[in-house]
Amino acid sequence: ILNVEQSPQSLHVQEGDSTNFTCSFPSSNFYALHWYRWETAKSPEALFVMTLNGDEKKKGRISATLNTKEGYSYLYIKGSQPEDSATYLCAFVPGNEKLTFGTGTRLTIIP
Amino acid sequence: NAGVTQTPKFRILKIGQSMTLQCTQDMNHNYMYWYRQDPGMGLKLIYYSVGAGITDKGEVPNGYNVSRSTTEDFPLRLELAAPSQTSVYFCASSYPRQGAYPRLSPLHFGNGTRLTVT
């Protein structure tokens, strides 16, 4: 069983503040890492698929970095807005297996 | 494009009853998946399909069956419902671009089916 951990489980952030959270995964046999945003009453939507160590991807105010050697990825949100409130899921893809999802970080933006 | 459509949205079953969760996608995606989400747990893969006529087990297949007779449809069948199958079920699809690998393609999810077995 692969161990994919996300921390923190939940956090509250004041509107306008920046924040970040972590996805930790096994550092061996890495193939890819997915990030998804899951708003309440909706379905998860893909943010990024990352493959290269040191890679950084950006989508508007959201960005992600990847360290495959130490087994972690950070997701950053700059200048949080109420619409950023969601659960953020990461999914680790090892070399010969399917995606394994973490349990998510639930982000609440306080107006 | 409707994307991935799941029906029903909610269902209550009695122990031992059977039902089929429907999933259809209009994006001509090759790959389709069924996941379940339990409280405090990550999404767990039940079954997946890489194309019409081809299905395979995921991490938690016991108690479920699937079929893939067309590219668009991927129904999930529960034959003898048990309380342990109370969960939220998500169907997803992905389409590897030509020359790309499937596991690099982002998943497109349906809105989920909340199933309670009592």
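Residues numbered from 1 in each chain as written. Chains lettered and ligands numbered in written order. Predicted model: local features only at pLDDT ≥ 70, side-chain atom pairs only at ≥ 80, totals over all residues. Heavy atoms only, no water.

Novice: Any chance you could break down the overall build of chain B for me, citing the residues and the numbers?
Specialist: For chain B, the helix and strand inventory stands at 0 helices and 11 strands. What you see in chain B, going N to C, is helices and strands ordered as β-β-β-β-β-β-β-β-β-β-β. A compact globule built from 118 residues would reach a C-alpha radius of gyration of about 13 Å, and chain B, at 14 Å, matches this within 12%. The dimensions of chain B, computed from C-alpha atoms along their principal axes, are 45 × 30 × 25 Å. The proportion of buried residues among the 118 residues of chain B is 45%. At a minimum sequence separation of 6, the contacts of chain B that also span at least 24 residues come to 56%. Carbon and sulfur atoms make up 50% of the accessible area of chain B, which amounts to about 5900 Å² in all. In chain B, which carries 11 positive and 7 negative side-chain charges, the distance between the mean positions of the two groups comes to 6 Å. (Helix = DSSP H or I, 4+ residues; strand = E, 2+ residues; numbered from the N terminus. Rg over C-alpha atoms; globule rule 2.2 N^0.38 Å. Buried < 20%, exposed > 50% of the residue type's maximum accessible area, 1.4 Å probe, protein only. Contact = heavy atoms within 4.5 Å. Areas by Shrake-Rupley, 256 points an atom, 1.4 Å probe, with all protein chains shown as cover. Lys, Arg positive; Asp, Glu negative; His and termini not counted. Charge placed at Lys NZ, Arg CZ, Asp CG, Glu CD.)

Novice: So, the environment of Tyr 31 of chain A: which residues are in play, and what are the values?
Specialist: Tracing the backbone shows Tyr 31 of chain A in strand S4 (residues 30-38). Residues Tyr 31 of chain A and Arg 61 of chain A lie 30 residues apart in sequence; the distance between their C-alpha atoms is 26 Å.

Novice: An account of the interface of chain B and chain A is needed here, citing residue identities and associated values.
Specialist: Facing the 18 residues of chain B at the interface are 22 residues of chain A. Note on chain B versus chain A: buried area summed over both sides is about 1700 Å², and carbon and sulfur give 65% of it. Three residues, Arg 103, Leu 104 and Phe 109 of chain B, lead the burial of chain B against chain A; their summed loss comes to 39% of the area buried on that side. Scanning the region where chain B abuts chain A turns up 0 salt bridges. (Buried area = accessible area lost by both parts, 1.4 Å probe. Salt bridge = Lys/Arg side-chain N within 4 Å of Asp/Glu carboxyl O.)

Novice: For the side chain of Ser 93 of chain B, give the residues involved together with the corresponding values.
Specialist: Residue and element names in this part refer to chain B. By the element assignment, Ser 93 lies in strand S9 (residues 87-94). Classification of Ser 93 as buried rests on a relative accessible area of 0%. In this structure, Ser 93 is in contact with Val 4, Gln 25, Met 27, His 29, Tyr 31, Met 32, Tyr 33, Pro 106, Leu 107 and His 108, ignoring residues within four places of it in sequence.

Novice: Tell me what's going on with the sheet that holds strand S8 (residues 72-77) of chain A, and back it up with residues and numbers.
Specialist: Residue and element names in this part refer to chain A. Strands sit in the order S1-S3-S8-S7-S6 across an open sheet of 5 strands; the sheet is antiparallel. Sheet topology places strand S1 (5-7) and strand S6 (56-59) at the edges, where each strand pairs with a single neighbour. Each neighbouring strand pair of the sheet contributes to a mean axis angle of 15°, computed without reference to strand direction. (Pairing = 2+ DSSP bridges. Axes fitted to C-alpha atoms, helices over the stretch in contact; angles between N-to-C directions.)

Novice: A description of the state of the cysteines should follow, citing residues and the corresponding values.
Specialist: Residue and element names in this part refer to chain A. Considering all chains together, one arrives at 2 disulfides over all chains under this definition. Between the sulfur atoms of Cys 23 and its disulfide partner Cys 90 the distance amounts to 2.0 Å. Linking Cys 23 and Cys 90, the disulfide has an S-S dihedral of approximately 75° and is accordingly described as right-handed. With Cys 23 in strand S3 (residues 19-24) and Cys 90 in strand S9 (residues 86-94), the pair connects residues that are 67 residues apart, well separated along the chain. For Cys 23, a relative accessible area of 0% translates into the label buried. According to the relative accessible area criterion, Cys 90 is buried, its value standing at 0%. (Disulfide = S-S within 2.5 Å.)

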